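# Breakdown of the fold
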Amino acid sequence: MSKDNFEQMLPLFDAMPDHKVKTPNIPVDTILQEVEDLFVWATQDKTTLVDNSGLDWEHYAKELPARAGALRHAQSIWVSERYGQEEANKTWKEVSPAAYGLRDDLLDDFRYAYRKRTDLLSRVREISNGSGNADMIQDLSDLSVLGKSNLEPLLVSKFDPAKLEEAATLSNDMAELLARANGATLENSSAKLVRDKAFMHVKEALDEVRDAGKYVFKNQPERYQGYISRYRK
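Keep in mind the model is a prediction, meaning the values are calculated, not measured. (Residues numbered from 1 in each chain as written. Predicted model: local features only at pLDDT ≥ 70, side-chain atom pairs only at ≥ 80, totals over all residues. Heavy atoms only, no water.)

## Details of the overall build of the protein
Each helix and strand counted, the protein has 11 helices and 0 strands in total. Ordering the α and β elements of the protein from the N terminus gives α-α-α-α-α-α-α-α-α-α-α. Oriented by its inertia axes, the alpha-carbon framework of the protein measures out at about 95 × 30 × 25 Å. Residue burial in the protein is summarised as follows: out of 233 residues, 38% are buried. For the protein, the proportion of contacts with a sequence separation of at least 24, taken over those separated by at least 6, is 80%. Between the averaged position of the 32 positive side-chain charges in the protein and that of its 39 negative side-chain charges there is a distance of 3 Å. (Helix = DSSP H or I, 4+ residues; strand = E, 2+ residues; numbered from the N terminus. Buried < 20%, exposed > 50% of the residue type's maximum accessible area, 1.4 Å probe, protein only. Contact = heavy atoms within 4.5 Å. Lys, Arg positive; Asp, Glu negative; His and termini not counted. Charge placed at Lys NZ, Arg CZ, Asp CG, Glu CD.)

This is how it looks when you write it as structure tokens:
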């Protein structure tokens, strides 16, 4: 049901201006529970609310469960994506030292094997310039290409050519891993953006029903209390 609600409301979320979206200011699981509680509470007061506040019941109150369902599914998608990104970040931290190690070993191997070739040493120096994860990944690819194109001096120095294939493969694998790992720090993830829009959609209806309830039952504490956020309280 939540997935159906999400898919039905996705065009509406897509139409919302991105620049107006705000990050939820209360936990999503909390607002979902409050929506369920409010819907049950307000349903008991339907006639009174509609007759005395002008509340658009069909657009706001009746839609509360569907809006909550869409948010629940949007949250699940975001959590799943974030978990995958966090796992990639963890894996990067575990395997990147070996990639850096291979890059450094290759630079040492090339400097020795090409010590009498100023043209090749110049290329090695160019590759060794720069720093950072993306640079390391590119270095592995560049060293693999350079080594395969100038293999003879490397073989003379007893270099293992399998390291060139390892560097090429590792460069591709690490590039993909880094792209996923970097996503763990991105706050403008499309999944997060949709989740935030779904939250705003829920809160719009929640606020309308609560405002109407607090207005209508301002002199009836036993009913008024049902329109107050326990989280805020």
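## Remarks on the confidence of the model for the protein
Looking at the protein as a whole, the pLDDT averages 92, with 97% of positions reaching at least 70. Element-level pLDDT for the protein is lowest in helix H9 (residues 162-182), with a mean of 91, against a maximum mean of 97 in helix H4 (residues 57-61). (pLDDT = per-residue confidence, 0-100.)

## As for the pattern of salt bridges
The final tally for this structure, using the stated rule, is 17 salt bridges. Between Arg 117 and Asp 119 there is a salt bridge, with its nearest N and O atoms 2.9 Å apart. Ionic contacts of the salt-bridge type, sharing partners, join the residues Glu 63, Arg 67 and Glu 204 into one network. (Salt bridge = Lys/Arg side-chain N within 4 Å of Asp/Glu carboxyl O.)

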